[in-house]
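Overview (structure and organization)
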Amino acid sequence: MILRKVFTGMSLLFLLLFFENNAVCQGINNSSGYVVIPATSYVYTQGYTAGASSSTSVSGNMFVSGDWTNNSGTITFTSGTVTFNGSSAQEITGSDPTTFYNMTIAASAEVQIPETKTVNVDGTMTNSAGNSGLVIQSSASGTGNFIHNTQNVAGTVKRYITGNSSNKPYHVVSSPIDGAAFGSIWTSGDYNVYWYNEANSSGNVDDGWTRISAGTLSNGKGYNIVSNYANRTISFTGDLLVPADISSTITVSHTSSGTAASDGWNLIGNPYACGLNVPEFLSDNSANLETANQAVYYWDNPSGDLDRGDYATRASGSGAVGGSAITPDASMAVAQGFFIKVKSGVSSVSLAADQRIGYTGTQFFIPDPDEQLLRLSLNGPDNLYNELLFGFYPFTTDELDPGYDVQKLRGNPLIAVYSMMPGYEEGFVIQSFSSITEEAKKLNIGYFGGQEGNYSFNIKEIENIDPSTEIFIEDREEKLFINLITNPNYSFYSRKGEFNERFAIHINPVFNSIQKESISNFRVFTVGNKILLDNPKLQQGKIVIHDILGKELFRSNLERIGSEIVETNLASAYYLVSILTDQETFTQKIYIQ
């Protein structure tokens, strides 16, 4: 018997069980009922929708000519095959992922997995329609995910990337297709494409870039492409990579150049048509990665502004930003390339099947989970920018904790900020300590300034730290302690160079009498030829400016307005600014540009 009715709710339970051998439907909208398709059944439907209160149990066979939508329904496949056989494009969509037992795409069909949606196939996947039969979509909202284990399944994986015709941002991508064509990531008129050769012997980590201009892309390798155009979507077509295609590993190398800091850096990528669980990847490869580099490093330069470009870092517990203000997530998107640093003697890293996940983010960006975090930024001349992350956990120590203490991979040649750990020459972009208590902690900071000029440290984020916690920055050169809770920005003048002894962060410090005299409520910094003065306690007093030889050049009363701008006609040079009040005398050296 043939039924031509849109079944809904509970009525579907009895009708499908009654007609268990064959049923043909215009469409099944199971909003809150029970659908049971036994092993001997064949159900033909134009579409299938599972509502939030519905239950579907399938061990038979379904033929679907329309869309499949799972809106939080309970769907269980124990056997059987769902065949998509529509004459126009069909979507597998909904608020929740769907996991099929077997899935088949008929020769005339086209199945699309929309952005951020996830489809799993536990059994056999068959695509009789070739590359156009399975299309994984991508846009600014994210990329779809398809997780299966059958080799030689054709499809098309799209990947949205940002572009800028003026600044030409770089992106590091990796192919989810077996032996994808070079043309997948390059078209005529594009800039050159590069991969990274770890075996370069120069001892300079920046010397390994090697051009590729034709041929096929290596599975699991990252490629640096330039978006010298507007935003666009690239397409990879061919057989989707599964763990069996690469034996669940990617080949890497560690070549000794005589400079340990430059050795072992490999540019690899997510080889699957789905997201990758970064903590799982790091856990599986903990014996392969350098102890102080248990992390993945992403080039982060979405706007193309090289003054702000740098490597974003993701470790097991947290992440640190690179060129943008967004922190890398614990998941990695489709076609994402990344750097790792492997130990001597390591020739492969694991990309096991259980690292695959459905990912709903846009690139590699969504917020971190709850944890005690202190993010500190360093701003420099001409929009230079860099960040440093401190994490505090009950299970980490003040010594090296692999996966929670991560050394910095410098990508910006003009600015860098990092923490210093005793016994390690290279600075850390993520450093973790035991949880914050009333006991004092001291965090040593280093920085590199590629230009002489005005810089500033800023608290970017304080997360899950008790509001009563005191956080000071110590400037040893100026002999100052600044309360970053009341003054979250500290500006200073710096010569060009690397400085690893000038600054430290103090948490809940205990000051001696000499240090207390160095604590000030005032902040003075410059913008061009203007002097900006912060007076948060609205103190009365005077502002006096001397040249370096001690000659007084300017004197004025303090305005009790919190912040004020002091206009001067002073020439470009160093000066001493003194704030004189009944409570204190504060002096700071400045440079007017």
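1. Observations concerning the sheet that holds strand β7 (residues 55–58)
As summarised here, the arrangement of the three strands in space is β4-β7-β10, forming an open sheet in which the pairing is parallel. Edge positions in the open sheet fall to β4 (34–37) and β10 (74–77), since each of these has one partner strand only. Each strand of the sheet is rotated relative to its neighbour by a mean of 5 degrees, with strand direction disregarded. Note: β7 against β10, four bridges, orientation parallel.

2. Description of the sheet that holds strand β37 (residues 356–357)
Within a sheet, neighbouring strands are paired by backbone hydrogen bonds and run either parallel or antiparallel to one another. Taken together, three strands build an open sheet; the order of strands is β34-β30-β37 and the sheet is antiparallel. Sheet topology places β34 (331–332) and β37 at the edges, where each strand pairs with a single neighbour. As paired elements, strand β30 (residues 275–277) and β37 share two bridges and run antiparallel to each other. Counted as the bridge partner of L276 is R356 from β37.

3. Examining the environment of Y48
Inspection of the secondary structure puts Y48 in strand β6 (residues 48–50). Under the relative-accessibility criterion, Y48 is labelled buried at 0%. Spatially, the C-alpha atom of Y48 lies 9.7 Å from that of I92, the residues being 44 residues apart in sequence. When sequence neighbours within four positions are dropped, the list of residues in contact with Y48 reads I28, N30, V35, T56, M62, D67, W68 and T69. Side-chain polar atoms of Y48 contact the side chain of T56, separated by 2.5 Å.

4. Re the pattern of salt bridges
In the structure shown here, the tally under the stated rule is 10 salt bridges. We note a salt bridge from D398 to K441, for which the minimum N-O separation is 3.8 Å. Note that D398 is positioned in the loop between β39 (385–393) and β40 (406–407) and K441 in strand β43 (residues 441–449), a separation of 43 residues in sequence. Here K441 falls in the buried class, since its relative accessible area comes to 11%.

5. Quick word on the nonpolar core
Core analysis: the biggest nonpolar cluster contains 49 residues, and W68, F84, F100, M103, F146, I185 and F236 have the highest contact counts within it. Contacts of F146, omitting those with residues within four sequence positions, involve M103, I113, V119, V121, M125, L134, I136, L240, A273 and C274. Membership of the second largest hydrophobic core comes to 43 residues, among which are L384, F503, I543 and V577.

6. Structural notes on the pairing of strand β38 (residues 372–379)
For β38, the buried fraction is high: seven of the eight residues fall into the buried class. In this sheet, β39 lies alongside β38 in antiparallel orientation, the contact comprising eight bridges. Paired with N379 across the bridge in β39 is Y385. The loop that links β38 with its antiparallel partner β39 comprises five residues; one of these, D382, has a positive phi angle of about 55 degrees. Across seven bridges, β38 lies against strand β44 (residues 453–463) in antiparallel orientation.

7. Structural notes on the packing of aromatic side chains
Under the defined criterion, the tally for this structure stands at 34 aromatic pairs. Their ring planes at 50 degrees and their centres at 6.3 Å tell us that Y447 and Y455 sit as a pair that is tilted. In this pair, the class of Y447 matches that of Y455, namely buried. A connected cluster of aromatic rings, assembled from ring pairs, spans Y196, W209, W265, Y297, W299, Y311 and F339. In this arrangement the basic side chain of K221 is found over the ring face of W195, its NZ or CZ atom lying 4.1 Å from the centre. Over the aromatic face of Y272 sits the side chain of R356, whose NZ or CZ is 5.7 Å from the ring centroid.

8. Thoughts on the layout of surface pockets
Approximately 1100 Å³ is the volume found for the largest pocket. In this structure, the largest pocket is lined by 42 residues; those nearest its centre are V205, D206, L409, R410 and G411. Listed by contribution, the elements that provide at least two residues to the lining of the largest pocket are β23 (170–173), β24 (193–196), β29 (265–269), β31 (296–300) and β35 (337–341). At four residues, the largest contribution of residues to the lining of the largest pocket is made by β35.

9. Section: unusual backbone geometry
With a phi close to 70 degrees, T116 is a non-glycine residue in the positive phi region. Relative to the elements of secondary structure, T116 occurs in the loop between β15 (111–113) and β16 (118–121). Not every positive phi belongs to a glycine, and N464 is a case in point at roughly 60 degrees. Relative to the helices and strands, N464 resides in the loop between β44 and β45 (471–475). By relative accessible area, N464 is classed as partly exposed at 44%.

10. As for the environment of N454
Position of N454 relative to the elements: it lies in strand β44. Judged by its relative accessible area of 18%, N454 falls in the buried class. Taking the C-alpha atoms as reference points, N454 and I590, 136 residues apart in sequence, are found 8.6 Å from one another.

Thresholds, definitions, all that
Residues numbered from 1 in each chain as written. Predicted model: local features only at pLDDT ≥ 70, side-chain atom pairs only at ≥ 80, totals over all residues. Heavy atoms only, no water. Pairing = 2+ DSSP bridges. Helix = DSSP H or I, 4+ residues; strand = E, 2+ residues; numbered from the N terminus. Axes fitted to C-alpha atoms, helices over the stretch in contact; angles between N-to-C directions. Buried < 20%, exposed > 50% of the residue type's maximum accessible area, 1.4 Å probe, protein only. Contact = heavy atoms within 4.5 Å. Polar contact = N/O pair within 3.5 Å; in protein donor to acceptor, adjacent residues only side chain to side chain. Salt bridge = Lys/Arg side-chain N within 4 Å of Asp/Glu carboxyl O. Core = buried A, V, L, I, M, F, W, Y, C linked by side-chain atoms within 4.5 Å. Phe/Tyr/Trp six-rings, centres within 6.5 Å; stacked < 30°, edge-to-face > 60°. Lys NZ or Arg CZ within 6 Å of the ring centre and 35° of its normal. 1 Å grid on protein atoms, 1.4 Å probe; cavity = no way out; pocket = protein on both sides within 12 Å on 5 of 7 lines; lining within 4 Å. Points joined across faces, edges and corners; volume = space filled by probe spheres on them.

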